[in-house]
Amino acid sequence: MNKKKVLVAIPVVLVVAIIAYAGIMLSGRAITADNLNDQFVQVVQNNGCLQCHAADPEPFWYQKMPIVSGLFEKDMTNGFRSVDLESIVNQIQNGGEISIADVAKLEQTTLNNDMPVIQYSAVHWGSNLNAKEQQIVLDWVSAQRSEYVQGLAEEIGYELDEATLAAAISEPIQIIPDPSAYDVDMVKAELGLALFHDTRLSADLTVSCATCHPLNNAGQDGSQFAKGISSQVGGINAPTVYNAAYNIQQFWNGRAETLADQAAGPPLNPVEMGHESFDDIVALLEADEDMVAAFEKAYGSKGISQETITDAIQEFERLLVTPNSRFDQYLAGDETALTSEEIEGYELFKKNYCATCHVGVSMGGQSFEKLGTVVDASVYYAERGTEISGDDQGLYGFTGNEADMYKFKVPNLRNIELTAPYMHDGTHMTMEAAVRTMFRFNTANPTPSDDTVNKIVAFMKTLTGENEYMDYVNVPSNKLGN
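Residues numbered from 1 in each chain as written. Predicted model: local features only at pLDDT ≥ 70, side-chain atom pairs only at ≥ 80, totals over all residues. Heavy atoms only, no water.

### Notes on the overall build of the protein chain
Scanning the protein chain from terminus to terminus reveals 20 helices and two strands. A total of 482 residues make up the protein chain; the buried ones form 50% of that total. Taking all contacts inside the protein chain whose residues are at least 6 apart in sequence as the whole, residues at least 24 apart take part in 70%. Summed over all atoms, the accessible surface of the protein chain reaches about 22,400 Å², with 52% contributed by carbon and sulfur. (Helix = DSSP H or I, 4+ residues; strand = E, 2+ residues; numbered from the N terminus. Buried < 20%, exposed > 50% of the residue type's maximum accessible area, 1.4 Å probe, protein only. Contact = heavy atoms within 4.5 Å. Areas by Shrake-Rupley, 256 points an atom, 1.4 Å probe, with all protein chains shown as cover.)

### Here's the deal with the pattern of salt bridges
This model, assessed by the stated rule, comprises 17 salt bridges. Here Lys-455 and Glu-344 are joined by a salt bridge, their closest N and O atoms 2.9 Å apart. Taken together, the positions of Lys-455 in helix 20 (residues 450-460) and Glu-344 in helix 16 (residues 340-351) put the pair 111 residues apart, joining distant regions of the chain. Overall, the relative accessible area of 13% leaves Lys-455 in the buried class. A salt bridge links Glu-383 to Arg-440; the shortest N-O distance between them is 2.7 Å. (Salt bridge = Lys/Arg side-chain N within 4 Å of Asp/Glu carboxyl O.)

### Details of the packing of aromatic side chains
Applying the stated criterion to the full structure yields 14 aromatic pairs. Ring centres 6.4 Å apart and planes at 20° place the aromatic pair Phe-327 and Tyr-330 in the stacked group. In this pair, Phe-327 and Tyr-330 both sit in helix 15 (residues 326-331), three residues apart, roughly one turn of the helix. For Tyr-330, a relative accessible area of 18% puts it in the buried group. Residues Tyr-346 and Phe-459 carry aromatic rings whose centres are separated by 5.1 Å and whose planes lie at 35° to one another, so their mutual orientation is tilted. Of the two residues, Tyr-346 sits in helix 16 while Phe-459 sits in helix 20, which places them 113 residues apart along the sequence. The burial state of Tyr-346 is the same as that of Phe-459; both residues are buried. (Phe/Tyr/Trp six-rings, centres within 6.5 Å; stacked < 30°, edge-to-face > 60°.)

### So, the nonpolar core
Across soluble globular proteins, nonpolar side chains have a tendency to be buried as a group. Among the nonpolar cores identified, the biggest contains 71 residues, and Ile-88, Trp-140, Leu-191, Leu-195, Leu-215, Phe-295 and Ile-309 are the most heavily contacted of them. Look past the residues within four positions of Leu-191 in its chain and what remains in contact with it is Met-291, Ala-294, Phe-295, Ala-298, Tyr-299 and Ala-312. Residues Ile-173, Phe-349, Met-431 and Ile-456 belong to the second largest nonpolar core, which totals 25 residues. (Core = buried A, V, L, I, M, F, W, Y, C linked by side-chain atoms within 4.5 Å.)

### Observations regarding the environment of Ile-173
Mapped onto the fold, Ile-173 is located in the loop between helix 8 (162-169) and helix 9 (186-196). A residue is classified by how much of its surface remains accessible, and Ile-173, at 1% relative accessible area, is buried. In this structure, the C-alpha to C-alpha distance between Ile-173 and Asp-328, residues 155 residues apart in sequence, is 9.4 Å. The residues touching Ile-173, leaving out its near neighbours within four places in the chain, are Phe-327, Leu-331, Tyr-346, Phe-349, His-358, Gly-360, Met-363 and Arg-414.

### Looking at the side chain of Lys-350
Following the sequence through the fold, Lys-350 ends up in helix 16. Residue class for Lys-350 comes out buried when judged on its relative accessible area of 12%. A polar side-chain atom of Lys-350 sits 3.1 Å from a polar atom in the side chain of Glu-171. Residues contacting Lys-350, with those up to four places away along its chain left out, are Gln-108, Glu-171, Pro-172 and Ala-355. (Polar contact = N/O pair within 3.5 Å; in protein donor to acceptor, adjacent residues only side chain to side chain.)

Structural data, given as C-alpha cells:
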C-alpha cells in the first residue's frame, strides 16, 4: 500500500472506530437505578465523565494515533482541576461529605449545557447529557443543596419553614440568617469579645486579634500583609473574620478545622504574636482578678486554659455574621432590592461559573480551588515578579499532596466592597482587577468585556450586610472590658 493510500486509510479507520465506540456508549446509557444517588453515578459513568474528571484517568485506546494524539491532554488536566468527579462518586458510594461547591459546578455545567467540551463530544458522539440525564443531575443537585441548608440550620440553631427551604435550594447562594437565630452562649461570647481585643495574647503586649481584624473595618486591616509583634510582616493577606463561622476550615490553606483551632494559631506564631506557649498567656490572664472571675462565670471550674480561651473567641466570632444585604433581600423575594444592572450582574456571575466556588451562605469558604485551572498559576507568579513562598503554595503546604499545589480556600465575598486588597497575596486593590484575573486564570472566557466586569462588580457591591459590631470601636488593650 502506498503512502497516499495509508494517509487516506487512517482517518477512515479512525472514523469507523469512533462510530463504533459511540454506539457502545449509547447502548450503555440506560438508567436502571432507583436511588437518585445511584442514578447520578450512572449518568457520570455512562457519559465517560471520569475520563477527564479523575486524578488518574484511564487513557483513551486511540490517544497515540495520528490527528487525535494530544488532543485531549489539556482538557483532561483542566477537567480534573475544575472538579474531581471520581472523588464525588467515591463519596456517594462510601457515604462521604460532598462539597456544596462541587454541587454548584455540576448544576451550572448542566444549565449551560457546555460539558463535555466540543472536542470531546466531536469524537465521543452521544456523550452529551440528554434531557432525562440533565434532570437527574438537577434533581441530585437539589437534594444535595437541601441537605446542606438543613444541616446548616441545625448546626446554628434556627428553624426552616418549607418556603424558605424551597427558596434556598433554588440558588447556589443562600440568605444569611439573623444573628438572633443562632444558638450562642452570650456569656462566653462577651468574654470572647474581650479576649479578641486583649493584647496579652501577644508576647510584647502590642498585638491582639483586633489588630489585624478590626471589627469596624470589615474585620480586616486593609493591608497587603498584616503586621505582627516587632513590626514583623506576614506573607499572606489576612482575611475578614466576618462570616468565617461558615467556613469548612480556616486559614487560606485550611490548616485549622474550627474557629477555635484558628484562634490558637496566631498567639504561638513567631511573626504574629510570638508567645512560646499558651502557658505564658494563661499566667498573664490569671494575674487579672476580673479576668479570672469572667472565666469562672463562663466556664466554671475549667478556669483559664488554651481550650477555654480559644472557645470563648470562637463563640464570639459566631456572632460576626452579616445578614440583610440588598442581595439577601432580593433572595428573600424583594425584586426591587437590586437594580436591573445588578440583577444582570448576578446572572453573569452564575453563567460564568463564579457561583460555583463562591457558594453557600457566605459565598465562599466551602472548598479549596486551584489558582489557575485554565492558565497555570506559574504564569500568575511570573507576572507578579516576586519569588513563590510557602504561603503561595496553598493547601499543598498543609497536606503535602501534589494535587493540592496552589489550591486556596475560596474567600467569602460577603462585604467584598469593604475588604480590599484582594487575592491571597493582597496584590489586587480593586474588585475590577480581581474579577479580570479570575476570568483569565479560571474560566473559559479569559477576556471578559468591560460591560460584563462592570455588571458583576455592581452585583458584588450589593453583598454588604449588617452587624452591630461593624461600628464597634475598641482599641486593643490588656484590660477586661476596655
